[in-house]
Every structure is written in structure tokens, then in C-alpha cells.
Amino acid sequence: MASYSTNEFKSGLKIMMDGDPCSIIENEFVKPGKGQAFNRVKIRNLKTGRVLEKTFKSGDSVEAADVVDTEMQYLYNDGEAWYFMHPESFEQLGADEKAMGDNLKWLKEQDMWTVTLWNGVPIATSPPNHVVLTITDTDPGVRGDTSGGGGKPATCDTGAVVRVPLFVDIGEMIKVDTRNGEYVSRVKE
Amino acid sequence: MSGPANYRPSAGLVTLQIRARIRKQIRAFFDPRGVLEVETPVLAQAGVTDPHIDSMKSCWSKHAGDIYLQTSPEYAMKRLLAAGSGSIYQMSKVFRYGERGRHHHPEFTMLEWYRVGFDHHQLMLEVDSLVRKLLLDHLTLNPSCFWTYREVWKQTIDLDPLKSTLAQLQAFVEEQGIDISGLEDDIAGWQQLIMTHCVEPRLPQDTPVFIYDFPACQAALAKIRDEDLPVAERFELYINGMELANGFHELTDADEQRKRFQAELLKRKAMGKPEMPVDEHLLAALPFVPDCAGVALGLDRLIMLVIGAQRIDEVLSFVVDEPR
């Protein structure tokens, strides 16, 4: 089984910890001039998202986690899983609710998502940085008010609620930044 | 090489000028005190047996045996002391396998000096005056603290390092929420874990903290003083949570030193590390080494304090490439 020595630790490295795949966020080498060296690491459990701190004796080895991030296209939901397709191999994989997390509100068919696979199974997903959504409900637009000041809530076709400028109307398409949930611009068809 | 080629230095040019000035100030400090500047070989005939310090091996001729990049100039300087050099100092490059981090680089500069006739208390005072002189214009320092290892534990975590059993130390670590795996049942290792994780972060800021009289199991090359609870006449200096210097009232008993080397070799073996040849030249010199105290100070870390750097890379002209 593949393993990493603490000397190879760096942020982004995927390791197994208590049976779960984890990603190293931070690694600090701590060593008294005379005495035992340690690696103090912050790791994120990729299944639960929980961040924990752990100390290793330097030189020890840890099992590597077979975790890869893959760009995949979202196809459909069958009531149990959300199916993504690899654009080259056309392989389809289903992600469960846990792997989708609270990203579902950004999910649109045919969008390219990052799917994190552990031993080939999706364990986490993340949406593209920007998505284009259609507004299904909002207060009537105020024509001519392009100041951008104020704003109002708008419900989108995916269920996401985004704060938009006053001039935006039902049926219009908008670009949204999924990292902060903020409106970016209107999109012309 | 990782990343594209880049000829630029790691440290800024102003930092390199500060480094040059500090080296000058160090010489100006020692010269009037009659401490002789010396140079000893970087290529050492023997490495170190210390189980927690790994030497880098090299060779100078295919007919000669292994040679090691020095991890410290200590052994060679003690041979000079034995030959009657009197008090000596040097600034030299030292090398430690596998040590890389925010405060570590596998090659770094050490200021090491020995004072004949000093004990560790007298040497601590000299270290204090040198460090204060070098940091004078850069850091406003509070009066220095001089605490025994036992006092500093009492002050910061209210635990007795000399009387606590291994089980008590382990219970404390668990209580502190420290998740550690793979540490052997060796009391020194657990003391060091608590020191680095619990004590160091609680030391006062902008204050030179001298910690002396270490647990005897962490004696290294220091004399052990027999009291009810024996302690090693060793000290460390910390400033802003960073270990800056380590000194000893030097052990000069060759038989005791040989025993410590052998105990370290046994430990190396248990840890699955390569056996290291014992430095017989040093053992031959020890009976002639006068009573003295010696200290090693990390020059790069001192420069970090001067410029307020967070990483050692900010004070080194060039650093090793990160492994891929």
C-alpha cells in the first residue's frame, strides 16, 4: 500500500486517518535542537469536512489516500443519486446526498463540476466558480435603476436565493459567484 | 527542481546587509573579551550518535572511509580546547538531514563559543548581553527571565517535569487535546512534546527566556548535578517562542561520555536508524578539556528576530528546492 513519510507532508497531500481520506491543510515541522522532531498538521476529513489537528513523530509513515479531483459533467438525478459523466471516458458516477452537501442549489444540467473520488467513488463535489441561473421569482423590476444600490432577493431555477439589483426581472439570466453566493452580472441570451 | 528556474535570492538585499553587520558586531563583541575566532572542518571524521540528529554523509576519496558534514562544530572545538586554545568562537555552516520547516533549513549558520572557567550561569549572562546588543535597535526587550526547567513548567502549565511519571505526562497531553501517534514510551520524548506544544507557546513575548537545569534524561553533552532529583547543567534561550540557543556546562568525563554515546547508539538501533561511528578523537581529548561552558546559537533565527521574519527562508540567500 502506498504511504507517505512525514518528510513528504505538504498542503494538499491526501492521507488516510482513522479510516477516512483526509487532506493536509497545514504542516509545521517542530524540532528542539536536541530532541524529538514532530510534524504538527491540520487536516480536513474529506468525508465529513471536519478539520482536526494531529501531531506525528517526524519520520513516521502514513497510508496514502487514493483521492483524485476530476472535472465531470452533471447529467441527471434519479431520486437517490446525482449522476456525473467523465467528458472523455463517458463513464458515469452517482454522488449521494452527502457528497453533494449544500452545493445542490448551484446544480444545473450540463455544468462541469469538480468531483472528488476516493477509490473511484465520489465523496465530495464542488460547483464551478460561476454559474448562470434563471430567475423564477422576484419583486417587479424598477426600470432605469441601474445604480445597483439596495437590491432585492431573487429565487432562481435551482432554488438558490441570490441578492440582485433592483432592475433585474423574472425570466432573466444572471451570473452568480458560487464561492460567496453573490450576483455578478446579467447574462444576455 | 520544482517550479520554473529562478535566480533570485530568497532573502532581500537589505536583510543580507543586516546579516553582514551582525557578523561584524559579533566579532566586535568577542575580540575585546579575548575570545579567539577559529575555523574547524565542515567535513567531520565522525557524525553524531544523537538519535534525533541525522548527519549527511559524503566522501573525499574513493580510498577513504565515510566522512560527514558536521551537524555542529562542537567536537572539533573541544579538541582545540583540549590542546590549550583558551576561550574560542566560530560562525560556521552546519548540516542536518531532513530538517526543513518554518524555523529549519538543512544547512544553517551556527555561532558557537566556549568559555574556559565559566559554568552555565556565567555563560547565560554572556549570551544575554550579546543577544541584547544585537537586537538593541530592532526589538524592545523586557528584562530577561532566568527559570529552571522545573520553574518554567510550573509557571506555564503547572506540572512538575522532574517528578511526573510517563503516565502522568501522557495523561496531561491527552487532557490538552493533543492527538499524537507513534511516540515511544520514552520520557524525554514526551517532555519534548509538552515543551514544544504547551510550554513554548505560553512563554512571555519580547522577553529573552533562559531555561536551565534540564531533566537528566535530556543531558546531551552537559554535566549532571546530583541532587535529590538530578539535573543536567544545560540551558536554552527562547525569544518569542523560538529556540535560539542551547548551552552546556560541558561534560569532560570521557568514561561518562562514552556511556552516553553507547546509550544513544542503542536507541538509534531501536529506532531503526543507521549506527554511527563514535568520535574517538573527541573521547581522547575530553580528559584534557578544561572546565568550561559552551553554547550554540542559531544565527539565522537571530536575524529572523531582527527583521521580524516568519520564515527562515526570509533570511537565507538561497534555500533548497522543495521536494516535489
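Values in this document were obtained by computation on a predicted structure and should not be read as measured data.

Trainee: In this structure, what is going on with the pairing of strand β8 (residues 82-85) of chain A? I would like to understand it.
Mentor: Every regular strand shows the same layout, with side chains that alternate between the two sheet faces. Residues and elements named next belong to chain A. Residues Trp-82 and Phe-84 line one face of β8 and the alternating positions Tyr-83 and Met-85 line the opposite face, and both faces are buried. Bridge count between strand β7 (residues 67-77) and β8: 4 bridges; the pairing is antiparallel. Bridging from a neighbouring strand, Tyr-74 pairs with Phe-84 of β8. If you look at the hairpin formed by β7 and β8, you'll find 4 residues sitting between the two strands, and Gly-79 has a positive phi there, around 95°. By the bridge criterion, 4 bridges tie β8 to strand β9 (residues 92-95) in an arrangement that is antiparallel. Paired with Phe-84 across the two strands is Leu-93, which belongs to β9. Hairpin connection, β8 to β9: the antiparallel pair is bridged by 6 residues, and Phe-90 has positive phi, about 60°.

Trainee: Would you mind going over the interface of chain A and chain B with me for this structure?
Mentor: Contacts between the two partners involve 19 residues from chain A, matched on the other side by 31 residues from chain B. Between chain A and chain B, roughly 2,200 Å² of surface is buried when both sides are summed, and carbon and sulfur atoms account for 49% of that area. A per-residue breakdown of the area chain A buries against chain B is headed by Phe-29, Lys-31 and Lys-34 of chain A, which together make up 30% of the total. Its salt-bridge partner being Glu-184 of chain B, residue Lys-57 of chain A comes within 3.1 Å of it at the nearest N-O pair. The tally of links from chain A across to chain B stands at 11 residue pairs in polar contact (both at pLDDT 80 or more). Put simply, the parts of the chain that give the side of chain A that touches chain B at least two residues each are β3 (20-30), β4 (38-45) and β5 (51-57) of chain A. The element best represented in the side of chain A that touches chain B is β5 of chain A, accounting for 5 residues.

Trainee: I keep staring at helix α5 (residues 166-175) of chain B and nothing clicks. Help me out?
Mentor: Residue and element names in this part refer to chain B. Taken as a whole, α5 has its buried residues at Leu-169, Phe-172 and Val-173. End-on view of α5: buried residues confined to an arc of 100°, all on one side of the axis. Across from the buried face of α5, at angles greater than 90 degrees, the exposed residues are Glu-174 and Glu-175. The inward-facing, buried residues of α5 contact α4 (149-157), β8 (180-181) and α6 (187-199). One or two residues past the end of α5 sits Gly-177, with phi positive at roughly 75°.

Trainee: Explain the packing of aromatic side chains here, please?
Mentor: Within this structure, the stated rule accounts for 12 aromatic pairs over all chains. Their ring planes at 85° and their centres at 5.4 Å tell us that Phe-9 of chain A and Phe-56 of chain A sit as a pair that is edge-to-face. With Phe-9 of chain A in the loop between β1 (3-5) and β2 (14-17) and Phe-56 of chain A in strand β5, this residue pair connects regions lying 47 residues apart in the sequence. Residues Phe-9 of chain A and Phe-56 of chain A agree in their burial class; the two are buried. A network of ring pairs unites the aromatic residues Phe-29, Phe-30, Tyr-89 and Trp-113 of chain B as a single cluster. Over the aromatic face of Phe-56 of chain A sits the side chain of Lys-54 of chain A, whose NZ or CZ is 5.8 Å from the ring centroid. Geometry around Phe-214 of chain B places Arg-234 of chain B over its ring, the cationic atom sitting 4.2 Å from the centre.

Trainee: What exactly am I supposed to notice about the nonpolar core here?
Mentor: Where a protein is soluble and globular, its nonpolar side chains tend to be buried together. All names here are of chain B. In terms of nonpolar packing, the biggest core is built from 46 residues, with Trp-153, Ile-157, Ile-194, Val-199 and Ile-211 touching the most fellow members. At 6 residues, α6 tops the list of elements feeding residues into this core. Excluding its chain neighbours within four sequence positions, the residues that come into contact with Trp-153 are Asp-158, Leu-159, Pro-161, Leu-169, Gln-191, Ile-194, Met-195 and Val-199. Core analysis: the second largest hydrophobic core is formed by 41 residues, Met-91, Leu-141, Ile-239 and Val-315 among them.

Trainee: Is there a simple way to explain the environment of Arg-311 of chain B in this structure?
Mentor: By secondary structure assignment, the location of Arg-311 of chain B is in the segment after α9 (299-307). The class for Arg-311 of chain B is partly exposed, based on a relative accessible area of 35%.

Trainee: Got a minute to help me understand the sheet that holds strand β11 (residues 121-126) of chain A in this structure?
Mentor: By definition, the strands of a sheet pair up through backbone hydrogen bonds, in either a parallel or an antiparallel sense. All names here are of chain A. Ordered in space as β9-β8-β7-β10-β11, the 5 strands form an open sheet in which the pairing is antiparallel. The open sheet is flanked by β9 and β11, the only strands paired with a single partner. Strand after strand, the sheet turns through a mean of 45° between neighbouring axes, direction not considered.

The rules behind the values
The numbers attached to residues start from 1 for each chain and follow its sequence in the written order. Going through the entries in the order they are written, you letter the chains from A and number the ligands from 1. Whole-chain, interface and lining totals are the exception, using all residues; otherwise, since this is a predicted model, local features are given only for residues with pLDDT of at least 70 and side-chain atom pairs are given and counted only at 80 or more. Side-chain figures throughout are based on the complete set of non-hydrogen atoms in the structure, without hydrogens or water. The buried label applies to any residue whose accessible area, calculated with a 1.4 Å probe on protein chains only, is under 20% of its type's maximum; exposed applies above 50%, and partly exposed to all values in between. Here a strand is any run of E in DSSP of at least two residues, a helix any run of H or I of at least four, and the numbering for each starts at the N terminus. Any two strands with at least two DSSP-identified bridges between them are counted as paired. Whether two residues touch is decided by their heavy atoms; if any such pair falls within 4.5 Å, the residues are in contact. Throughout, the accessible surface (probe 1.4 Å) given up by two parts as they are put together, summed over both, is called the buried area. When a carboxyl oxygen of Asp or Glu lies within 4 Å of a side-chain nitrogen of Lys or Arg, that pair is called a salt bridge. N or O atoms closer than or at 3.5 Å make up a polar contact, with two conditions inside protein: a donor-capable atom paired with an acceptor-capable one, and, for residues adjacent in sequence, both atoms drawn from side chains. The arc refers to the directions leading from the helix axis to the C-beta atoms. Aromatic rings from Phe, Tyr and Trp, taking only the six-membered ring of Trp, are treated as a pair when their centres fall within 6.5 Å; an angle between ring planes under 30 degrees marks them as stacked, one over 60 as edge-to-face, and anything in between as tilted. Definition used: whenever NZ (Lys) or CZ (Arg) falls within 6 Å of the ring centre and also within 35 degrees of the ring normal, the charge is taken to sit over that ring. Put simply, a nonpolar core is a bunch of buried Ala, Val, Leu, Ile, Met, Phe, Trp, Tyr and Cys residues held in one set by side-chain atoms that sit within 4.5 Å of each other. Axis definition: a line fit to C-alpha positions, over the contact stretch in the case of helices; interaxial angles, taken between N-to-C directions, run 0 to 180 degrees.

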